[in-house]
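# Close look at the chain arrangement
What follows is each chain in one-letter form.
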Amino acid sequence: MSTHPLGNSGPRAALHGWLLLLPAAVLLAAFTHYPAVATFWHSLFSTPRPNRPAVFIGAEHYRDLLADPIFWTALNNNLIFAAGTILPSIALALVMALWVNERIAGRGLLRLAYFTPTVLPMIAVANIWLFFYTPDYGLFDQVRGLFGLPAHNWLGSTETALGAIIVVAVWKEAGFFMIFYLAALQQIPPELREAARLEGASRWQAFWKVTFPLLMPTTLFVLINAIINAFRLIDHIFVMTRGGPDNASSLLLYYIYEVGFRFWDQGYAAALTMVLLAILAVVALFKFFWLERKVHYQ
Amino acid sequence: MNTPANPPAALAAQPPTERAGTPARHAARPLPVDRWLNTLGAWTLGIIWLAPLLYAIWTAFHPAEFSTRFAPLAPLTLDNFRAAWEAAPFPRYFLNTSALVATILAGQLVLGTLAAYAFARFEFPGRDVVFALVLVQLMIMPDMMIVENYRSIHALGLVDTVSAMALPYIASAFGIFLLRQTFKTIPRELEEAARIEGCGTLGVLWRVYVPLAKPTYLAYALVSVSHHWNNFLWPLIVTNTVNTRPITVGLAVFAGTDQGIDWAVISAATLLASGPLLVAFLLFQRQFVQSFLRAGIR
Amino acid sequence: MSKPLSALTRIAAGLGLAAALAATPAAATELTFFYPVAVGGPVTKIIDDMAAAFEKDNPGIRVKPVYSGSYQDTITKVVTAVKGGDAPHVSVLLSTDMYTLIDEDAVVPFDDLVKTAEERAWMTSFYPGFMQNSQTGGKTWGIPFQRSTVVMYWNKELFTQAGLDPERPPQNWNELIEYGKKLTKRDAAGNVTTWGVQVPSSGFPYWLFQTFTTQNGIELMNAAGNETYFDKPEVVEALQYWVDLSRKHGIHPPGVVEWGTTPKDFFERKAAIIYTTTGNLTNIRANAGFDFGVAMLPAGKRLGSPTGGGNFHVFKRSTPEEREAALKFVRWMTTPQRAAEWSIATGYVAVSPAAWETDTMKKYVADFPAPTVARDQLEYAVAELSTHENQRVTKALNDGLQAALNGTKTPEQAMRDAQREAERILRAYR
């Protein structure tokens with residue numbers, strides 16, 4: 001921070017600074033920091049029931065967690081979900097942005113097309129995806145039928161349910177990320193790429209040598225968002241599979257919802273939330289201590 | 001997230017990267033085949049991305065038996081909209097969602113502006129620590145703290161209110177971060193001039209910083225509104241009644257029926273629910289993208 | 001949609017007129033009434049009108065219906081409300097939530113509410129099949145309101161095409177397989193175009209599974225709701241039968257079948273026979289473009305189906321006056337005449353024998369005898385799976401069923417795992 005002290009330092013400035021911060025700080029503390037700490041605290045207590053108040057049980061919830069096959073399935077699914085959504089959605093977003101950044105026929109309409117998923121409520125669109133996946137007369141199977149392929153129960157079989165959920169998430173995210181890439185692309189002076197072309201680089205090389213490195217800050221931003229979304233996007237599961245079949249499409253946050261608000265086992269739900277927080281903490285550390293150094297800023 | 005924003009005012013003057021020479025001539029045009037393939041690819045993806053919306057439009061305007069059959073001459077009808085409209089109190093849901101989105105956005109803008117100003121232009125002890133604490137929320141989003149936040153909201157006696165749905169989101173790290181980046185690019189000389197004219201801290205903020213950050217506000221507003229218009233899980237948890245439920249939670253009613261899914265009515269309901277956002281995006285598409293560019297979100 | 005709507009509209013109009021005439025007196029007792037709108041829109045209107053009509057008949061009591069989403073949402077809302085000390089006064093909830101409500105110390109038994117002999121008689125006026133999920137420990141905790149059972153719908157056209165008697169549905173497990181084989185159609189490439197039989201298994205497969213276990217002569221849990229029998233040989237056998245329909249005989253779609261699309265599959269002639277709730281009758285009647293029949297489920301060792309659907313519950317927090325008012329409301333809502341009208345409008349089974357004796361009901365079934373199937377099946381019906389920590393135990397079974405249907409576990413393994421999990425959960429309640 002190389003700010004010059006220009007009348008905004010000193011005790012009076014400190015007071016003003018703190019006053020300006022106060023409202024946001026209070027709310028952040030109340031709904032982000034306090035709950036993070038409280039989650040840990042509550043994860044050490046049993047869930048209170050009408051005849052049994054909460055008692056301190058130490059790490060018992062965590063021991064249960066290690067022995068809980070559904071937790072492991074959900075965690076495993078979530079890692080697959082992350083792997084399956086992060087890269088494809090970023091790659092697609094970039095490709096989309098490159099396309100609509102150029103003079104392509106119907107550019108405005110294309111931008112709109114790519115962006116629609118952001119505008120449509122997931123909870124409602126999930127029903128439409130449910131139709132796409134319906135065996136036999138669903139859209140996918142109708143298209144497959146044209147090629148003589150048999151019907152498939154996409155959401156109802158253990159092997160494909162998670163994949164089906166991933167596709168919907170990629171669809172939802174890519175267009176949103178595209179906007180960020182598009183904004184970044186438009187700030188790259190076209191002369192740069194042209195210079196590269198003049199030096200004999202192909203379009204492909206020009207992209208990798210010139211454009212892509214310049215997009216690195218955007219890629220980092222989008223990457224972090226994609227990682228967070230991988231642990232956050234669960235609305236469609238409520239409609240499409242409810243985590244089934246046999247937890248094949250259950251993700252961590254969905255399992256937390258089930259345990260916390262269907263089984264009312266809030267102590268155990270707190271322990272599960274801690275796992276989620278731990279994963280995100282690792283992501284944050286990774287970002288600050290590794291990625292930051294890899295990215296070139298001006 | 002640490003993407004340095006470009007000065008909106010100095011956008012034209014200062015390209016974001018080191019210049020690699022200044023080529024004057026135009027680069028060779030891409031081959032027509034290449035161009036043709038790109039257009040084809042872009043549109044194929046565009047159609048896939050639009051498919052759910054196209055399907056919703058098809059299904060919503062045709063009788064239920066055509067929701068799985070695409071006969072070009074199928075009769076048109078508005079019955080599905082009537083059925084959907086009667087099946088849920090849409091006007092009330094719209095009102096609730098609008099109130100929710102407006103509350104969150106207003107809160108985010110005000111609190112974000114104040115905090116961002118403090119971070120960008122004030123020097124006081126503890127500033128950087130607090131800023132780091134703010135950034136924590138970029139990782140640990142309120143969506144993941146449902147269990148503890150429900151406890152808090154309940155303790156505050158706010159269950160089933162618009163405030164309950166809004167409070168965890170009002171202090172937004174993303175908003176604070178974005179505005180801070182923008183504010184930092186505004187020349188200090190402008191602030192000094194305003195101070196000399198007798199403006200106080202808030203006066204400077206209001207007269208100098210806020211007007212110059214307009215594109216950032218607009219871009220941020222788009223992200224915030226589209227996110228909260230479609231948010232589902234938290235409102236589901238903290239609302240009980242039609243008087244507070246936003247449209248997403250209301251839509252879930254169509255999904256969870258005993259009698260099976262009626263895609264015609266669901267599609268109509270989806271279109272009704274996302275209509276306002278879709279129309280807004282259609283109308284302001286250009287401005288949205290422009291504001292993203294000028295806000296330097298990338 | 002025209003037929004059920006007109007039935008709905010008739011009632012709504014009648015009740016609405018009554019409501020319009022009602023003058024609201026100074027509010028004395030206000031009842032909050034949580035009602036799960038899992039049944040869609042028009043029902044909201046009927047409930048509103050019923051509440052208004054009740055207010056007219058009972059000056060001094062006001063009823064405030066709160067529409068709280070699906071059954072799942074509603075129980076979630078109710079329990080969180082109970083924990084927060086602002087429970088409703090009355091609610092319609094799944095009958096299987098009885099133990100949950102008792103464990104949360106949320107509800108009062110009706111035995112403590114009724115005083116007169118007439119009221120006591122009212123408590124016993126319902127079908128015993130429906131009372132199994134409403135009573136435990138010698139007390140009655142719920143009063144049946146919108147109840148259902150699983151029945152079989154069959155497409156008469158497809159029966160005729162397959163050379164079967166369109167008026168005779170399969171009577172037992174073997175016939176179901178035999179008919180299913182005739183009804184399953186394949187195209188030239190060997191892909192199935194019509195399945196013989198379809199039993200949905202998403203969301204709450206345990207309920208449909210209970211049809212098979214009941215028919216195989218075994219119950220899934222004890223009356224105290226603290227023990228389950230998922231790994232008994234009869235249960236495994238029942239699951240094997242369900243799994244075999246698809247894996248061995250190839251007459252049932254593979255994997256987990258979505259509940260929500262099953263009626264549509266039936267309309268689209270993708271399934272010749274489907275198992276679903278009686279609550280779907282109105283929907284299927286309106287949308288099936290062919291002649292269909294409704295029948296009791298095919299028998300195994302015996303006929304059988306679980307009951308399902310929602311009961312009235314009265315909550316504890318209320319004052320004696322409020323409880324009295326709540327009882328009045330529940331009684332008013334379940335009179336034979338109203339039970340009959342409710343059944344006609346929604347397709348749920350009218351809950352008391354007296355309701356079937358009303359003129360309204362007699363006239364209705366004279367035209368359209370299908371609803372009587374569910375009533376007659378009640379004689380063979382058992383309680384829906386319900387235990388302490390019901391959601392959790394049920395999930396254990398659901399997961400096992402879906403694993404077996406997907407072939408990731410053998411029926412035996414799946415049921416052993418489910419039983420072990422249920423044991424772990426229920427140990428604390430013995």
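What counts as what
Residues numbered from 1 in each chain as written. Chains lettered and ligands numbered in written order. Predicted model: local features only at pLDDT ≥ 70, side-chain atom pairs only at ≥ 80, totals over all residues. Helix = DSSP H or I, 4+ residues; strand = E, 2+ residues; numbered from the N terminus. Buried ≥ 20, exposed ≤ 12 C-beta atoms within 10 Å, placed from the backbone. Contact = placed C-beta atoms within 7 Å. Pairing = 2+ DSSP bridges. Expected span 1.5 Å × (residues − 1). Arc of directions from axis to C-beta. Domains from an automatic or database assignment. Nonpolar A, V, L, I, M, F, W, Y, C, P; charged D, E, K, R; others polar. pLDDT = per-residue confidence, 0-100. Core = buried A, V, L, I, M, F, W, Y, C linked by C-beta atoms within 7 Å.

To continue, consider the overall build of chain B. Broken down by element type, chain B carries 13 helices and zero strands. When the helices and strands of chain B are read in sequence order from the N terminus, they spell out α-α-α-α-α-α-α-α-α-α-α-α-α. Looking at chain B residue by residue over its 298 residues, the buried ones come to 51%. Taking all contacts inside chain B whose residues are at least 6 apart in sequence as the whole, residues at least 24 apart take part in 77%.

What follows concerns the pairing of strand β11 (residues 292–295) of chain C. All names here are of chain C. Along β11, the buried face is formed by Phe 292 and Val 294; none of Gly 293 and Ala 295, which line the opposite face, is buried. Bridging between strand β7 (residues 143–155) and β11 involves four bridges; their strand directions are antiparallel. Among the inter-strand pairings, Trp 154 is bridged to a residue of β11, identified as Gly 293.

All names here are of chain A. Taking 1.5 Å per residue, twelve residues should reach 16 Å; helix α9 (residues 203–214) reaches 15 Å between its end C-alpha atoms and fits that length. All of the buried residues along α9 are Ala 206, Val 210 and Leu 214. Within α9, the buried residues cover an arc of 40 degrees as seen down the axis, which keeps them to one side. The outward face of α9, more than 90 degrees from its buried face, is lined by the exposed residues Trp 204, Trp 208, Phe 212 and Pro 213. If you follow the buried residues of α9, they end up packed against α8 (190–198) and α10 (216–230).

Turning next to the domain arrangement of chain C. All names here are of chain C. Entries for chain C in the domain assignment read domain 1 (2–147 + 308–371) and domain 2 (149–307 + 384–429). For domain 1 and domain 2, the distance between their C-alpha centroids amounts to 29 Å. Taken together, the 22 residues of domain 1 in the interface contact 22 residues of domain 2. Broken down by secondary-structure element, the contributors of at least two residues to the side of domain 1 that touches domain 2 are α1 (2–21), α4 (98–103), α6 (128–131) and β12 (305–315). If you tally residues by element for the side of domain 1 that touches domain 2, the top one is α4, at four residues. Residues that form the side of domain 1 that touches domain 2 fall into these classes: eight nonpolar, ten polar and four charged.

Each partner contributes residues to the interface: chain A has 98 residues there, and chain B has 92 residues. Examining the composition of the side of chain A that touches chain B, we find that 20 residues originate from one element, helix α1 (residues 11–42) of chain A, more than from any other. Of the residues in the side of chain A that touches chain B, the class split is 69 nonpolar, 21 polar and eight charged.

Next up on the list: the pairing of β12 of chain C. Along any regular strand, the residues point their side chains to alternate faces of the sheet. All names here are of chain C. Burial within β12 is extensive, with eleven of its eleven residues counted as buried. Of the pairings in the sheet, the one linking strand β3 (residues 90–94) to β12 comprises five bridges and is antiparallel in character. Its bridge partner lying in β12, Ser 91 is registered against His 313. Pairing of strand β4 (residues 107–108) with β12 involves two bridges; the strand directions are antiparallel. Considered in β12, the bridge of Val 107 is made with Phe 315.

We now examine the confidence of the model for chain C. A low pLDDT means the predicted coordinates there should not be read in detail. Residues and elements named next belong to chain C. Per-residue pLDDT for chain C averages 88, and the proportion of residues at 70 or more is 92%. Here residues 1–8 scores under 50 on pLDDT; set against residues more than four positions off or in separate chains, the count is eleven contacts. Below a pLDDT of 50 lies the segment residues 15–27, which in the model reaches 18 contacts outside its immediate sequence neighbourhood of four places, other chains included. In the predicted assembly, ipTM is 0.84 and pTM is 0.86.

Our focus in this paragraph is the nonpolar core. The nonpolar side chains of a soluble globular protein tend to be buried with one another. Ranked by internal contacts, the top residues of the largest apolar core, which has 185 residues, are Ala 93, Met 178 and Tyr 181 of chain A. No other element matches helix α7 (residues 161–185) of chain A, which puts 20 residues into this core. Among the domains, domain 1 (32–63) and domain 2 (80–295) of chain B are the pair contributing at least three residues each to this core. In this structure, Met 178 of chain A is in contact with Ala 93, Met 96, Ala 97 and Tyr 114 of chain A, ignoring residues within four places of it in sequence.

A word on the environment of Gly 157 of chain B. Mapped onto the elements of the fold, Gly 157 of chain B is located in the loop between α5 (146–155) and α6 (162–170). Gly 157 of chain B sits 49 residues away from Gln 108 of chain B along the chain, and the two C-alpha atoms are 22 Å apart.

What follows covers the domain arrangement of chain B. Buried accessible area, meaning the area lost when the parts come together, often serves as the stated size of an interface. Residues and elements named next belong to chain B. According to the domain assignment, chain B consists of domain 1 (32–63) and domain 2 (80–295). A separation of 30 Å is found between the C-alpha centroids of domain 1 and domain 2. Contact residues are listed per partner, giving four residues for domain 1 and eight residues for domain 2. Residue classes in the side of domain 1 that touches domain 2 are distributed as three nonpolar, one polar and no charged.

Moving on, we get to the confidence of the model for chain B. Residue and element names in this part refer to chain B. Scored by pLDDT, chain B comes out at a mean of 81, with 85% of its residues at no less than 70. When the elements of chain B are averaged for pLDDT, helix α12 (residues 247–255) gives the smallest value, 78, and α6 the largest, 94. Within the model, the stretch residues 1–28 combines pLDDT values under 50 with 48 contacts to residues more than four positions away or in other chains.

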